[in-house]
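Fold and geometry: a report
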Amino acid sequence: MSLLAASAQLSFTELRDTLSLTDGNLTAHIRTLQEAGYVAITKSFQQSRPLTTFSLTAHGRQAFTQYIDLLEQIVQQAKRER
């Protein structure tokens with residue numbers, strides 16, 4: 001989610017290589033995110049080769065922002081308790 005939040009879209013290969021995942025692991029994670037409505041998948045061709053790209057949906061971006069906000073609250077609370 002962090003990678004997709006920082007980019008308009010990323011290819012399967014870019015995600016797989018950056019995250020050091022196997023094809024199967026990435027596919028499983030993406031499937032879960034897609035079923036939750038967080039990730040959109042686009043299939044196309046580039047130089048006669050299949051290209052699969054991923055991007056965050058508006059719902060996914062909102063969910064990620066809420067998650068980051070929650071993490072910030074936890075960090076602030078931990079700082080106050082020191």
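Relevant structure appears above.
Residues numbered from 1 in each chain as written. Predicted model: local features only at pLDDT ≥ 70, side-chain atom pairs only at ≥ 80, totals over all residues. Heavy atoms only, no water.

One finds L4, L10, F12, L15, L26, I30, V39, F54 and L56 forming the largest nonpolar core, which totals 9 residues. Looking at this core, the elements with two or more residues in it are α2 (12-19), α3 (23-35) and β3 (49-56). In this structure, L10 is in contact with L3, L4, L15, T52, T53 and F54, ignoring residues within four places of it in sequence. (Core = buried A, V, L, I, M, F, W, Y, C linked by side-chain atoms within 4.5 Å. Buried < 20%, exposed > 50% of the residue type's maximum accessible area, 1.4 Å probe, protein only. Helix = DSSP H or I, 4+ residues; strand = E, 2+ residues; numbered from the N terminus. Contact = heavy atoms within 4.5 Å.)

The sheet built from 3 strands is open, its strands ordered β1-β3-β2 with antiparallel pairing. Among the strands making up the open sheet, the edge pair consists of β1 (10-11) and β2 (39-46). Examined bridge by bridge, β2 and β3 share 8 bridges and lie antiparallel to one another. Counterpart to F45 in the pairing with β3 is P50. (Pairing = 2+ DSSP bridges.)

Purely geometric numbers; function is a separate question.
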